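# Observations on chain architecture
The residues making up each chain are set out below.
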Amino acid sequence: MLELFLPRRCIHCGEPAKKGAETLSKYLCSNCLREYTTLEPPAVDELEDRTRRLSTLPFPTGVYAAYSFIPESVLQSIIHHFKYLDMPRLAKRMGNEVAVTFGQLANFVDVILPVPLHVTRYAERGYNQSAMLAKSLSKSLDKIYLKDAIKRTRPTPTQTGLTITEREENVRGAFKLTDRRIEQLKGKRLLIVDDVITTGATMASIGAELAKAEPKEVGFFALAAAQLGA
Ligand SMILES: [Zn+2]
């Protein structure tokens, strides 16, 4: 709600941004908007490591990211603002943005689910930025959206600064499927949406729990793919 009352300044550089526009130009000045359009998806081998870590799951998996994370970039400002500075509608906006580029996802997805926050983190933030992304993506792609099918059963400390092994430990067993949703996921092609993919530890943990529902296949989609330590 706070964002309603803020003057329209570019969230990346502070220059004036457009008022009232329901596009990214509400958040970014024209220069930063131009920088945004030059952002590149991660190289295929950038995602291969993460995909390999999912190879023990009992269903086919795919890992997708709209952009490669670049420190200090306009993308970092976007993520920082919707994650920590009370801008849920910016996360929603980004879901619409990537739906345009990733429209072909519609051909191989039945159900879209967000990576959940733990209830205490949700209470602190007031919203789940991954859910905002997932919801607008599912709307744009005209897919079923299930926000409550996966629950985070314990608060997990931030993954920043942890090694791959520590990250895996951190999120192991941290997710649980909601019993009454299991039937709805059976035999379906699922897409799990997160804001940033780093090592893939969260995906592996969610994937292990999803096995219970026997999905046909599971894709993991993030706005950005970051290198460990970024
Ligand atoms: Zn700017």
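Heads up: these notes are all about the structure in this document. Treat the numbers as computed from the prediction; the structure is a model and nothing was measured.

What counts, and where the lines are drawn
Residues numbered from 1 in each chain as written. Predicted model: local features only at pLDDT ≥ 70, side-chain atom pairs only at ≥ 80, totals over all residues. Heavy atoms only, no water. Donors = N, O, S within 2.8 Å, 3.2 Å for Na, K, Ca; no water. Buried < 20%, exposed > 50% of the residue type's maximum accessible area, 1.4 Å probe, protein only. Pairing = 2+ DSSP bridges. Helix = DSSP H or I, 4+ residues; strand = E, 2+ residues; numbered from the N terminus. Contact = heavy atoms within 4.5 Å. Axes fitted to C-alpha atoms, helices over the stretch in contact; angles between N-to-C directions. Arc of directions from axis to C-beta.

### A few points about the coordination of the zinc ion
Here the zinc ion is held by the protein donor atoms C10 (SG), C13 (SG), C29 (SG) and C32 (SG), which lie 2.3 Å from it. On the basis of relative accessible area, C13 is assigned to the partly exposed category, the value being 41%. Residue C32 is classed as buried on the basis of its relative accessible area of 6%.

### Notes on the sheet that holds strand 7 (residues 217-225)
Spatial ordering of the open sheet is given by 1-7-6-2-3, a layout of 5 strands whose pairing is parallel. The open sheet terminates on both sides in strands that have one partner only, identified here as strand 1 (61-68) and strand 3 (144-145). Note that strand 6 (residues 189-197) and strand 7 share 8 bridges and pair parallel. Across the sheet, L190 pairs through a bridge with V218, a residue of strand 7. The sheet contacts of helix 3 (residues 74-84) involve strand 1, strand 6 and strand 7, and relative to strand 7 the element is tilted by about 110°.

### Things to note about helix 7 (residues 164-171)
Along helix 7, the positions that sit buried rather than exposed are R167, N170 and V171. Down the axis of helix 7, the buried set is contained in an arc of 80°. They therefore lie on one face. G173 lies just past helix 7 and shows a positive phi near 70°.

### A closer look at helix 9 (residues 201-210)
What sets the pattern is the α-helix's 3.6 residues per turn: residues three or four places apart point alike. Burial runs high along helix 9: 8 of the 10 residues are buried. All of the buried residues along helix 9 are A201, T202, M203, S205, I206, G207, E209 and L210.

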